[in-house]
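# Coordinate analysis (summary)
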Amino acid sequence: MDRFAVASALREMGRLLEARGDSPFRVRAYERGARAVEGVADLGALVEQDRLREVPGIGPVLAAAVAELHRTGRSERLERLRAQLPPGILELSLVPGMTRKRILALHQALGIRSLDDLKQACEAGRVRTVKGFGPRTEEKILAGIAGLATREERVLLYHALREAEGLLRHLRAGPCVTRADAAGALRRCEETVSELQLLAAAADPASVVDHFAAFPLLATVLSRNLDHCAARLPDGLRVELAVTPIAAYEPALHRLTGSHAHLEKLGAVARGRGLALDEAGLHRAGSERPLPVKTEADLYRRLGLPWLPPEVREDEGEVEAPAEGDTFADLLTEGDIKGLVHCHTVYSDGKHTVEQMARAAEAMGMRYITITDHSPTAHYAGGLPLDRLKRQWDEIAKAQEKVEVRLLRGTESDILADGALDYPDAILEQLDIVIASVHNRFRMSSEQMTRRLVTAMRHPLFKVWGHAQGRYVLTRPPFDCDMDAVLDAVASSRAAVEVNGDPHRLDMVPRWLREARKRGVRFVISTDAHSTAQLRNVRFGVAMARRGWVRKGEVLNALPLDAFRRAVRPGAAA
Ligand SMILES: [Zn+2]
Ligand SMILES: [Zn+2]
């Protein structure tokens, strides 16, 4: 088995352990192990030389499983798990209310091993004969099964991305697949995704659909035909695969990427040029025959437009912008980022030391990293009193002797209820960077919150407004305040706005980033990392910035070290 097949077997083990009710730590260990295996360059050599355990994330149990899978293509542990649990458990767990106990009871009493079995048994009124089930449960189960085809399960962008990467690797390894990509909301980097839309190019679509449907981590296949397959993953996320011949690939990718509003607007542009853009592709009005369009860029060119990046395809003015001279050519990219901002260490609530964070940043090719632990008021997050802050400065100096990447010292200072910052100015002035964030008292009135933020932004030392609106995607809405007033204060003060890359925050939202840009505000793309792995959050920050139309020239941590230091130095003159 190659590393991807091994990783997928590890993930199946994790999912089965989860279904069995094992501790979330063990379940996560399998997911971590799967990712570690995917990342190794030469799995064969590591197995041969018995060096698997040197890979971070692989302990003795996982190492044995990986070696066995690699050598024999099977795992005794996986087979034991499959045998221990009722067959079809991943699929049956998708139905609301179907706990492991109930699945087991139905398996033992009626031999149910799949969604089809369950549906038939309910329809025939056999489920009600099992102890603990009644006619009402049967109705609920049938409604749950019917709902599976349409149920919307929203997941966070990073989660969708991880699932899509696994599926795409499987697809690309498939028979004669020449290309495979994610389209839809995921390609546009929306904060949440309710469906993974995948597209593959192949000469023989039917064999790709077969290959896809055989992916062990699909909990159930909802529907399929010769060039299309809809399925659900064990966490309920819906996946749609379409397969096209290579010649039709990019036009199909464009249509499946959307958004709907963007496509509508392009349709209007097409009509204005005597063309039509629809399901059949781009064609002359009155003719069914599609015009030869090989790439997305071709398609836009025929509409008199430059290629528009997926992240801006929302009909928010992007179709009109090129006429005013804005082609989005300088939209921020991940490669523009030169330093990692907003990083926590063991000094507050982070998992890794200053040196570990620095080495990880260096391994990512970064030129600088800012260490910004919490300030005293965030005592629940280990906020640093002055003496500990000074001890951290010593540690930063020591770590600096061992690494090339430049370590900058900073703080994530609480914005107190009255808008003051958490350390005296004399201390803040000695820092390289000050991030100022709201961490408590979210429920003050809009007027109070606005006053609090405006006061903080007008503080004479330069600061970065951290996770601006205090939201958690899907779980906590942004707090109330007059954003226009606060952004006006940012624009006229020594302040910049953070684009927070923590996949749960992704704050501030693209709409307000665009509003901030109009005022000439500068940005920092941050990681809000609490571990070395989370330094990679920067990619989500970049994705949000792109959705907010942020340009390289507007981003402070796209600057080289010296210019960045000058731009964010708290005490420097305006
Ligand atoms: Zn924070
Ligand atoms: Zn933070």
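All figures in this text were calculated on a predicted structure; none of them were measured in a lab. (Residues numbered from 1 in each chain as written. Chains lettered and ligands numbered in written order. Predicted model: local features only at pLDDT ≥ 70, side-chain atom pairs only at ≥ 80, totals over all residues. Heavy atoms only, no water.)

## Focus on the nonpolar core
It is characteristic of soluble globular proteins that their nonpolar side chains tend to be buried jointly. What counts, and what does not: Residue types Ala, Val, Leu, Ile, Met, Phe, Trp, Tyr and Cys, when buried and joined through side-chain atoms within 4.5 Å, form a set referred to as a nonpolar core. The buried label goes to any residue with under 20% of its type's maximum accessible area, the exposed label to any with over 50%, and the partly exposed label to all in between, with areas taken from a 1.4 Å probe on protein chains only. Numbering of helices and strands runs from the N terminus; a helix is a DSSP stretch of H or I covering at least four residues, while a strand is a stretch of E covering at least two. Whether two residues touch is decided by their heavy atoms; if any such pair falls within 4.5 Å, the residues are in contact.
In terms of nonpolar packing, the biggest core is built from 104 residues, with Leu-196, Ile-369 and Trp-465 touching the most fellow members. Per element, the largest residue contribution to this core is seven residues, and it comes from helix α10 (residues 157-172). Those residues in contact with Ile-369 that lie beyond four places of it in its chain are Leu-340, Cys-343, Met-357, Ala-358, Ala-361, Val-405, Arg-406, Leu-407, Leu-408 and Leu-535. Counting residues in each nonpolar core, the second largest holds 49 residues, with Leu-52, Ile-58, Ile-112 and Val-127 among its members.

## Here we look at the sheet that holds strand β4 (residues 195-202)
Defined as follows: Two strands pair under a simple rule: DSSP has to find at least two bridges between them. Think of each axis as a best-fit line through the C-alpha atoms, taken over the contacting stretch in the case of a helix, with angles from 0 to 180 degrees between the N-to-C directions.
Read from one edge to the other, the open sheet built from five strands follows the order β2-β4-β7-β6-β5, with strand pairing classed as mixed. One side of each edge strand has no neighbouring strand; the edge strands of this open sheet are β2 (177-182) and β5 (220-225). The average angle at which neighbouring strand axes cross in this sheet is 15 degrees, direction not considered. Note that β4 and strand β7 (residues 238-244) share seven bridges and pair parallel. Paired with Ala-200 across the strands is Val-243, a residue of β7.

## Considerations on the pattern of salt bridges
Heads up, the condition is: Definition used for salt bridges: Asp or Glu carboxyl oxygen within 4 Å of a side-chain nitrogen of Lys or Arg.
All told, the structure shown has 45 salt bridges when counted by the stated rule. Note that Arg-301 and Asp-298 form a salt bridge whose closest N and O atoms lie 3.0 Å from each other. You can see Arg-301 and its partner Asp-298 sitting in helix α15 (residues 296-302), three residues apart, about one turn around the helix. Note on Arg-301: relative accessible area 56%, which makes it exposed. Arg-519 is paired through a salt bridge with Asp-484; the nearest N and O atoms lie 2.8 Å apart.

## Quick word on the pairing of strand β13 (residues 433-437)
Rule in force here: Convention used here: a crossover is right-handed provided that the path from the first strand, over the helix, to the second strand proceeds clockwise when the strands point away from the viewer.
Within β13, five of the five residues are buried, leaving the element largely enclosed by the surrounding structure. Burial along β13 is two-sided: the residues Ile-433, Ile-435 and Ser-437 and Val-434 and Ala-436 are all buried. Where β13 lies against strand β14 (residues 463-465), two bridges are found, and the strand directions are parallel. Of the residues in β14, the one forming a bridge with Ile-435 is Val-464. The handedness of the β13 to β14 crossover, carried by helix α19 (residues 446-458), is right-handed.

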